[in-house]
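If you want the building blocks of each chain, they are given just below.
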Amino acid sequence: MEKYYINDENWQKLYAILRQLPTIRTGSESKTRRFLEGVYFILRTGAQWRELPYYYGKWRSVHKRYESWCRKGIWAFILETFTVDCDKEWFMIDATIVRAHPCAAGYERNQNEREALGRSKGGFTTKIHAIVDALGQAIRFILTSGNRNDITQAPHLIEGLENTQIIADKAYDADSLIDQIESQQCIPVIPPRTHRNNPRKFDKHIYKERHLIECFFSKIKHFRRVFSRFDKKASSFAGFLSYASFILWMR
């Protein structure tokens, strides 16, 4: 290997998680690490798969194995393993748009909506709906087309959360969402829209912590394969997003 992106300490954490999974081959630590490093190269640089340096292995083999892990949910499982230790003092939800390259279209005819692709003011886009913990680390995310409203995925993002505070901007100020948050014994920290006759009070000091989710979006967009979508399948793009997220967990 000519260049390692993942240091030895973090690699041991990853390898310990991977060895728990019976559905993937991890017998050879060196080959497994070379594969992870190869995928990281694509994630970090945004290069085409065929431009993968030879010392990571044959690009077709690496790509095929990556897609297999996406189908099996391996990348999402690794992220979920890290979220066990999340800071539950409060959570923040928001969404960001990613421009999709024209090569991302055409996986199947008339299936752009299913593959989280759509037209918005930003052009051909995908929207990432995410929830982060009190330290600004990713918990889960949902992909939709860029023209979907932010609040449509909020009920799924906060599902299962209890006895905490949910921070979001005024785009999430809807009675149905507020009722769901309160039914889960959580406190909404969401500024009211200006058209409300009886504006709801919220904690302005805690609301200042919402910048952490914006910082999270900024950090994952340092990875070129997340900053711009080249993948035709939503599962493939989600795999890169999960990889970038658990790399941030290990920093």
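Quick notes on the rules
Residues numbered from 1 in each chain as written. Predicted model: local features only at pLDDT ≥ 70, side-chain atom pairs only at ≥ 80, totals over all residues. Heavy atoms only, no water. Phe/Tyr/Trp six-rings, centres within 6.5 Å; stacked < 30°, edge-to-face > 60°. Buried < 20%, exposed > 50% of the residue type's maximum accessible area, 1.4 Å probe, protein only. Lys NZ or Arg CZ within 6 Å of the ring centre and 35° of its normal. Salt bridge = Lys/Arg side-chain N within 4 Å of Asp/Glu carboxyl O. Helix = DSSP H or I, 4+ residues; strand = E, 2+ residues; numbered from the N terminus. Contact = heavy atoms within 4.5 Å. Pairing = 2+ DSSP bridges.

**Q** Before we go on, may I ask you to explain the packing of aromatic side chains in this structure?
**A** The relative placement of two aromatic rings is captured by the distance of their centres and the angle of their planes. Using the criterion set out here, one finds 20 aromatic pairs in the structure. When the ring of Phe216 is compared with that of Phe217, the centres are 5.7 Å apart and the planes differ by 50°; the resulting orientation is tilted. Given a relative accessible area of 4%, Phe217 falls into the buried group. Over the face of the ring belonging to Phe223 we find Arg44, whose NZ or CZ atom lies 5.4 Å from the ring centre.

**Q** Explanation requested: the pattern of salt bridges in the structure shown.
**A** Think of it this way: side chains of opposite charge can pair up when their charged atoms draw near. A complete count under the given rule lists 14 salt bridges for this structure. With its nearest N and O atoms 3.1 Å apart, the salt bridge here joins Lys233 to Glu67. Pair noted here: Lys233 is in the loop between strand 7 (228-229) and helix 10 (234-250) and Glu67 is in helix 3 (residues 59-72), with a separation of 166 residues, a long-range link. The same class applies to Lys233 as to Glu67, namely buried. For Arg200, the salt bridge identified is with Asp173, shortest N-O distance 3.0 Å. Taken as a pair, Arg200 in the loop between strand 6 (187-189) and helix 7 (204-207) and Asp173 in the loop between strand 5 (165-167) and helix 6 (175-183) lie far apart in primary sequence, 27 residues in all. One connected set of salt bridges, linked through shared partners, spans Asp94, Asp169, Arg210 and Glu214.

**Q** Sorry if this is basic, but what is going on with the environment of Phe82 here?
**A** Along the chain, the position of Phe82 falls in helix 4 (residues 74-82). In this structure Phe82 comes out as buried when scored by relative accessible area, which is 13%. Between the C-alpha atom of Phe82 and that of Ser245, which follows or precedes it by 163 residues, the distance is 9.7 Å. The residues contacting Phe82, other than those within four sequence positions of it, are Leu14, Ile17, Phe246, Trp249 and Met250.

**Q** When you look at the pairing of strand 4 (residues 138-145) in this model, what are you seeing that I'm missing?
**A** Working note: regular strand, side chains alternate between the two faces of the sheet. Burial analysis of strand 4 places 6 of its 8 residues in the buried class, which makes it a mostly covered element. Pairing geometry for strand 3 (residues 123-132) and strand 4, over 7 bridges, is antiparallel. Considered in strand 4, the bridge of Val132 is made with Ala138. Between strand 3 and strand 4, which pair antiparallel one after the other, the connecting turn spans 5 residues, and Gly136 there sits at a positive phi close to 80°.

**Q** Whenever I open this one, unusual backbone geometry confuses me. Can you help?
**A** Glycine aside, a negative phi is what most residues show, and trans is what most peptide bonds show. Backbone geometry at Ala116 places phi at a positive 60°, although glycine is not the residue there. Mapped onto the elements of the fold, Ala116 is located in the loop between strand 1 (90-100) and strand 2 (118-120). When its relative accessible area of 1% is taken as the criterion, Ala116 is described as buried. Positive phi, close to 60°, is recorded for Gln185, a residue that is not glycine. As for its placement among the helices and strands, Gln185 is situated in the loop between helix 6 and strand 6.

Nothing here speaks to function; it is all geometry.
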